[in-house]
Amino acid sequence: MNIFYETIEKFNDFNSMTNIKLDQSIPGFSISENIINSYDKVLDEKSKLENKQYIEIKKKFELINQEIKDKESIIAQLKPLIVNFQDTYKKKYMEVELQSISQKAFIRIKKEELENYLISYELKLKEKDETDSKKADIKSEIVSLKNKIEDRCREYIEEVSVKNFEGLKSGILSTSEEFMKIPLENKEINSDYIKSEEYLNSTNEYKEAYKKLYYFMSGIFKETQKFIDDSNIEKILPDLVLIQNELKDKYNDLDRLEIEDNEVNDFLILKESYEEALSVAEKELENINGLVNKDEELLALKAEIENYISQNKKV
């Protein structure tokens, strides 16, 4: 219960109870006063001192009169305490009210900030969904480009291991089949061996066999060189470079989207801090509104009034 209304209620209850007692004393006071006045008119001072009935009524009148004065005095002494309490409460309430008004304005600002943030929050969620979709597409394209590299390498290996290798075998077989038909007339042999003593002192049959074998191996080397030239890896490098450049672009696009996504995530996680700021401001308002009921000066005045009432209840 509010400290002000609780204290005023206790004062009003005590004041009403005291006034009721005063009202109850008035008839007896009036009757005693009238009787005394009547005696005063017919009795002299000596008679008053000797008249027991007069003395008894006089004592009763004085007792009632004192009770009335005591109750009036109690109320009179209590009223300044109440007035002081009311004035102090009004002062404290105004101070708290100013804080409350300021805090309410601050809360309105925090609510507007949260509302504006939530509008952007929804837009950022959509932006995140779009970014996630783009990232998924790019990752799919990256997988596709990686597969293209593997497929191109596989095609190259198959071409070398099947087509080119079959060409090499066919060339070697053709050279083998022509082995005995190789014409040796007007053929120069570019070999240091024919200048050696062993060759020069050999028989014509040996020299002819050597020449045939030399030209056979020359044919083999020629076919082998053709296989190597046809299988040169540099032939597929332009295709791989093109795919690699596409892949680099996709990775750059993915990195850019990751940066954008991180920025969006950094924004989205602010939701809790905005909500927390508003909650703290609202709790602070609750605390401000309760400051009057916790004010030490008011609590001390309230205790003083309650103690005064408690001490004078039986009067």
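Please read these numbers as outputs of a predicted model, since none were measured by experiment.

A. Representation of helix 7 (residues 270-289). Across its 20 residues, helix 7 extends 29 Å between first and last C-alpha, which sits within 8% of the 28 Å expected from 1.5 Å per residue. Within the sequence span of helix 7, burial applies to Leu278, Ala281, Leu285 and Ile288. Looking straight down helix 7, one finds its buried side chains confined to an arc of 80°; they lie on one side. Relative to its buried face, helix 7 has exposed residues pointing more than 90 degrees away, namely Glu272, Lys283 and Glu286. Buried residues belonging to helix 7 abut helix 3 (52-177) and helix 8 (291-294).

B. Representation of the environment of Glu234. Structurally, Glu234 is set in the loop between helix 5 (204-230) and helix 6 (237-268). With a relative accessible area of 54%, Glu234 lands in the exposed category. Remark: the alpha-carbon pair of Glu234 and Leu200, spanning 34 residues in sequence, is separated by 45 Å.

C. Expanded view of the confidence of the model for the protein chain. Across the protein chain, the average pLDDT comes to 86, with 95% of residues at 70 or higher. Within the protein chain, the element-level pLDDT minimum falls on helix 2 (residues 45-50), averaging 71, and the maximum on helix 6, averaging 94.

So, how was this worked out
Residues numbered from 1 in each chain as written. Predicted model: local features only at pLDDT ≥ 70, side-chain atom pairs only at ≥ 80, totals over all residues. Heavy atoms only, no water. Helix = DSSP H or I, 4+ residues; strand = E, 2+ residues; numbered from the N terminus. Expected span 1.5 Å × (residues − 1). Buried < 20%, exposed > 50% of the residue type's maximum accessible area, 1.4 Å probe, protein only. Arc of directions from axis to C-beta. Contact = heavy atoms within 4.5 Å. pLDDT = per-residue confidence, 0-100.

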